[in-house]
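# Remarks on the overall topology
This is what each chain is made of:
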Amino acid sequence: MEGILFVLLSVLALGGGLWVLLRRSPVDSALGLLTTMVAIAGHYMLLDAPFLAAVQLIVYGGAVIILFLFVIMLLNLRQDRLRARRLAAGRWVYALAGVAVLFCLAGIFLAGGTSGAVDAGPSGTVEAFGEALFRRWVYPFELTSVLLLAALVGAVALTRHAAPKAEDKA
Amino acid sequence: MDFSGLNVAALLPELLVSGGGLLVMALHAAFRGRQDRQLVWVSLASVVAALAFCLNPLTVEPGYFGSALSDPMAFAGRITVLAALVLLLPGGVAYARSRNLPQAEYLSLSLFAATGMMALASAGDLIVLFLAVEVLSISLYCLAGLMGERESSRQAALTYFLAGSFASGFLLFGMALLSGSAGTLDIAALGTGLARVSGTGTQWVALGGVVLMIAGLLFKVGAVPFHSWVAEVYSGSPTVVTAFMSTAAKAAAFAGFGRVLLALGSVSEAWVPLVGICAGATMILGNFTALVQGNFKRMLAFSSVAHAGYLLLGLMAVGAAGESLEAVIFYLLPYVLANAALFLVAAKVSQAGSGNYKLDDYKGLARRNPWLAGLLALLLLGLAGMPPLAGFMGKFMVFSAAVRAGHTGLAVLGILTSVVAVFTYLRPVVYAWFHEPEESGALNLDGGLAFVVWVAGAGLLLLGLWPRLWLDLCAGIGV
């Protein structure tokens, strides 16, 4: 049963990821992302972490995707204005890297998967989760807040001060 | 609540610097931007406080359950990053003011980036390593785009963001595979974890993780074949930001890289050929591309690619023969001093000349300001590795470590490419001393820039004559 669910959820997650990449419409992409997020919540359930699964659904499935959809609709992106942006230099490197990842994954599959040696940590109740997050992993947790703060300051700086001027079309 | 095992002292430098960043934002908001000229002093105070704490003679135990280390590598990385900040922040603020960039945002993003860099140099586990890389990267993406009125700055930010996210993905995926198969997140314990699974199928998973992680890290340090972003990002970003990227960020990335490779020493046969090829290609491509540049900023960008090659050579020795990271630690500080000063000089000379960093701007510099021309020569020759300057000792230590580890061929390649580098670095010097000036009139330095150039020059000379000074300091503290 667990095996079937795992495969099903993985297919959903990967399919959602591909959907994000392959669709041209931003709304379609956002919905694909939603599928991936929900499938990952299912994975957390399988890993015996119900709290994490609930948070995943509420924060990612709920708030983040809704925000995405709002932004897309507010910006009113039209198909014809979305031109493909390419990384001009070193494209072959990226392609090579992609192939390498593929081989790597195939190798793992053939080698029989991971050993599952990682300690799964405390069971997924809120208490155990909080205990782990605010004691053993408090440093990474705080580092994440610096990350978010830097992103926030950067976003404000880029939009408020560094917006392209009207005459800068040349 | 039980706080045992945290040991806040292990994290105090990071806390001071990120606190400085917060304070800058708070003061900016409180005074509604009217006192922005004073914010640089707040930032410098937090940096100097962190520097003073790092240099204190007390032994600091690792903190946060081994996530925040205080070994020589962490010490050297933090000092190098903080030294770069001391040199760059005053000049950076002057640059920001003259080009109408937001000063408060420049300062706080620089401090947040520095927090990430220091956390990276002292990271004890893979989660902190990744988050630290992200903190410094996100801050730098934004700093790169700060001059958004220019197309080149926007393009630099976008390119850096795309390439950097790609690299982060590699890094994270590699970490997941590696920690999954080794059964631990603790970087130092990765080696024993991998030894346990050697010979089983999991070994191949671990190997995939190692390769992906190294690819991600090579991307972050801008080594061949993952160097394509360097030229565009370095030349498009505001010059003071480029200086910060090519000095502090690179030093921190190499500290983290070194820590990972040191832990993976037991599987060195898996990654030494890979890193070796990249190191050789990086030295060749970086040096020859730098040679043909007619633009000083681009020349420095490619020269920093070349230096990444030499540093990779130093890292290879670490994994193979139980060499210490001494050579890499030593190489970084003079490199950072010289590069930080050179980028600031480049901004000054370019502003007084063509405005787009042409090498021609240096023609006849000796007539216009002989002291500046002399120090420019000192800094460039220091980067080239001329004795008795510190660049020579750095290269000497890296090459001899490589020879001891059995990579004689690569060491010879390194020496040959260094000869090419001498030509690259001599060109502006020859322009400055043996060409007629295209513009007349003295080129005076303001106090801050003069301070930076003199400190960097003195540092290069001092470290070159007494290399043990810095090495003993690193070895003596926090072990």
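Residues numbered from 1 in each chain as written. Chains lettered and ligands numbered in written order. Predicted model: local features only at pLDDT ≥ 70, side-chain atom pairs only at ≥ 80, totals over all residues. Heavy atoms only, no water.

### Considering the overall build of chain A
Our working rule: Starting at the N terminus, helices and strands are each numbered in turn, a helix being any DSSP run of H or I of at least four residues and a strand any DSSP run of E of at least two. By the convention used here, residues are in contact when the closest approach between their heavy atoms is within 4.5 Å.
Along its length, chain A carries 6 helices and 0 strands. Secondary structure elements of chain A occur, N-terminal to C-terminal, as α-α-α-α-α-α. For chain A, long-range pairs separated by at least 24 residues make up 55% of all intrachain contacts whose partners lie at least 6 apart in sequence.

### Structural notes on the environment of Arg298 of chain B
All names here are of chain B. What counts here: Relative accessibility decides the category of a residue: with a 1.4 Å probe and only protein chains considered, values under 20% of the type maximum give buried, values over 50% give exposed, and everything between is partly exposed.
Its place among the elements puts Arg298 in helix α12 (residues 296-321). Of the residues examined, Arg298 reaches a relative accessible area of 29% and is grouped as partly exposed. Along the backbone, Arg298 and Tyr357 are 59 residues apart, and their C-alpha atoms lie at a distance of 8.5 Å. Aside from chain neighbours lying at most four places away, what touches Arg298 is Ala231, Ser235 and Gln293.

### Focus: the environment of Ala68 of chain B
Relative to the helices and strands, Ala68 of chain B resides in the loop between α2 (39-54) and α3 (72-98). On the basis of relative accessibility, which here comes to 0%, the residue Ala68 of chain B falls in the buried class. Ignoring any residue separated from it by four or fewer positions in sequence, one finds Ala68 of chain B in contact with Tyr139 of chain A together with Ala10, Leu11, Pro62, Gly63 and Ser122 of chain B.

### A few points about the confidence of the model for chain A
All names here are of chain A. This is how the line gets drawn: The quantity known as pLDDT measures the predictor's confidence residue by residue, on a range of 0 to 100.
Predicted confidence across chain A gives a mean pLDDT of 78, with 73% of residues reaching 70 or more. Across chain A, the element-wise mean pLDDT spans from 71 in helix α4 (residues 91-111) up to 92 in helix α6 (residues 138-160). Taken as a whole, residues 114-119 scores under 50 in pLDDT and shows 9 contacts with residues more than four places along the chain or in a different chain. Below a pLDDT of 50 lies the segment residues 166-170, which in the model reaches 3 contacts outside its immediate sequence neighbourhood of four places, other chains included.

### Thoughts on helix α2 (residues 26-46) of chain A
The α-helix winds at 3.6 residues per turn, so residues separated by three or four positions along the chain end up facing the same way. All names here are of chain A. Just so we agree on the cut-off: The span one expects for a helix is its residue count, reduced by one, times 1.5 Å.
Taking 1.5 Å per residue, 21 residues should reach 30 Å; α2 reaches 31 Å between its end C-alpha atoms and fits that length. Taken as a whole, α2 has its buried residues at Pro26, Ser29, Ala30, Gly32, Thr36, Met37, Ala39, Ala41, Gly42 and His43. If you follow the buried residues of α2, they end up packed against α1 (2-22) and α3 (50-75). Immediately downstream of α2, the backbone of Asp48 shows phi near 70 degrees, a positive value.

### Regarding the nonpolar core
Stated formally: Buried Ala, Val, Leu, Ile, Met, Phe, Trp, Tyr and Cys residues form a nonpolar core when they are joined through side-chain atoms within 4.5 Å.
Formed by 203 residues in total, the largest nonpolar core has its most connected members in Met117, Phe244, Phe296, Leu312 and Trp470 of chain B. It is helix α13 (residues 326-352) of chain B that contributes the most residues to this core, 20 residues altogether. Among all residues touching Met117 of chain B, those that are not within four sequence positions of it are Val81, Leu136, Leu140, Phe244, Ala248, Ala249 and Ala252 of chain B. If you look at the next biggest cluster of nonpolar residues, it comprises 5 residues, including Ala30, Met37, Leu69 and Ile72 of chain A.

### Some details on the packing of aromatic side chains
Short version of the rule: Stacked, tilted and edge-to-face pairs are distinguished by plane angle, under 30 degrees for stacked and over 60 for edge-to-face with tilted covering the rest, among Phe, Tyr and Trp rings (Trp via its six-membered ring) whose centres lie within 6.5 Å. Whether a charge sits over a ring comes down to the Lys NZ or Arg CZ being within 6 Å of the ring centre and within 35 degrees of the ring normal.
Applying the stated criterion across every chain yields a total of 16 aromatic pairs over all chains. A ring pair is formed by Phe219 of chain B and Phe226 of chain B, whose centres lie 5.1 Å apart and whose planes are at 25 degrees; its orientation type is stacked. Taking relative accessible area as the criterion, Phe226 of chain B reaches 11% and is therefore assigned buried. Their ring planes at 25 degrees and their centres at 6.4 Å tell us that Phe254 of chain B and Phe257 of chain B sit as a pair that is stacked. Placement of both Phe254 of chain B and Phe257 of chain B in helix α10 (residues 239-263) is noted, with a separation of 3 residues, approximately one turn of the helix. Given the relative accessible area of 0%, Phe254 of chain B is considered buried. Aromatic ring contacts, followed pair by pair, group Tyr141, Tyr160, Phe161, Trp229 and Tyr234 of chain B into a single cluster. The ring of Trp137 of chain A carries Arg136 of chain A above its face, with NZ or CZ at 4.0 Å from the centroid. Taking the ring centre of Tyr431 of chain B as reference, the NZ or CZ of Lys363 of chain B above it sits at 5.3 Å.

### Considerations on a nonpolar patch on the surface
All names here are of chain A. Applied cut-off: Distance thresholds for patches are 9 Å for like charges and 5 Å for nonpolar side chains (Val, Leu, Ile, Met, Phe, Trp, Tyr), applied to residues having over 30% relative accessible area and no salt bridge. For the accessible areas, the method is Shrake-Rupley and the probe is 1.4 Å, while residue cover comes only from the protein chains on display. Here, a salt bridge means any Lys or Arg side-chain nitrogen found within 4 Å of an Asp or Glu carboxyl oxygen.
Residues Val38, Val55, Leu57, Ile58, Val59 and Tyr60 make up a contiguous nonpolar surface patch of about 490 Å² in total accessible area. Take the nonpolar patch: its biggest share by element is 5 residues, from α3. One can find Ile58 in helix α3.

### A word on unusual backbone geometry
Working note: non-glycine residues mostly have negative phi, and peptide bonds are mostly trans. Residues and elements named next belong to chain B. At the junction of Val224 and Pro225, the peptide bond is cis and its omega measures out at 5 degrees in the coordinates. Along the polypeptide, Pro225 turns up in the loop between α8 (202-221) and α9 (228-236). Cis geometry is adopted by the peptide bond preceding Pro388, which originates at Pro387 and carries an omega value of 5 degrees. Within the element layout of this structure, Pro388 appears in the loop between α15 (370-384) and α16 (390-404). For Arg32, which is not glycine, the phi torsion reads 50 degrees and is therefore positive.

### What about the packing of α1 of chain A against α2 of chain A?
Residues and elements named next belong to chain A. We apply this condition: Here an angle of 0 to 180 degrees is reported between the N-to-C directions of two axes, which are lines fitted to C-alpha atoms, with helices fitted over the stretch in contact. Angle categories: roughly parallel below 35 degrees, roughly antiparallel above 145, roughly perpendicular from 65 to 115, and oblique for all the rest. When the near helix sits turned anticlockwise from the far one by under a right angle, the crossing is termed left-handed; a clockwise turn instead gives a right-handed crossing.
Interhelical geometry of α1 versus α2 gives an angle of 155 degrees and a closest axis separation of 7 Å. Taken together, the axes of α1 and α2 are roughly antiparallel relative to one another. Every pair of crossing elements has a handedness; the one defined by α1 and α2 is left-handed. Counted together, Glu2, Leu5, Phe6, Leu9, Ser10, Leu12, Ala13, Gly16, Gly17, Trp19 and Val20 of α1 and Asp28, Ser29, Gly32, Leu33, Thr35, Thr36, Ala39, Gly42, His43 and Leu46 of α2 form the full contact between these two elements.

### Quick notes on the pattern of salt bridges
Residues and elements named next belong to chain B. Within this structure, the stated rule accounts for 10 salt bridges over all chains. The partner of Arg468 in a salt bridge is Asp472, and the shortest N-O contact between them spans 3.3 Å. Residue Arg468 and its partner Asp472 are both found in helix α19 (residues 467-476); the two are separated by 4 residues, about one turn of the helix. Accessibility expressed as a relative area gives 44% for Arg468, which makes it partly exposed. Judged by relative accessible area, which is 44%, Asp472 ranks as partly exposed. The network of salt bridges with common partners includes Glu326, Arg468 and Asp472.

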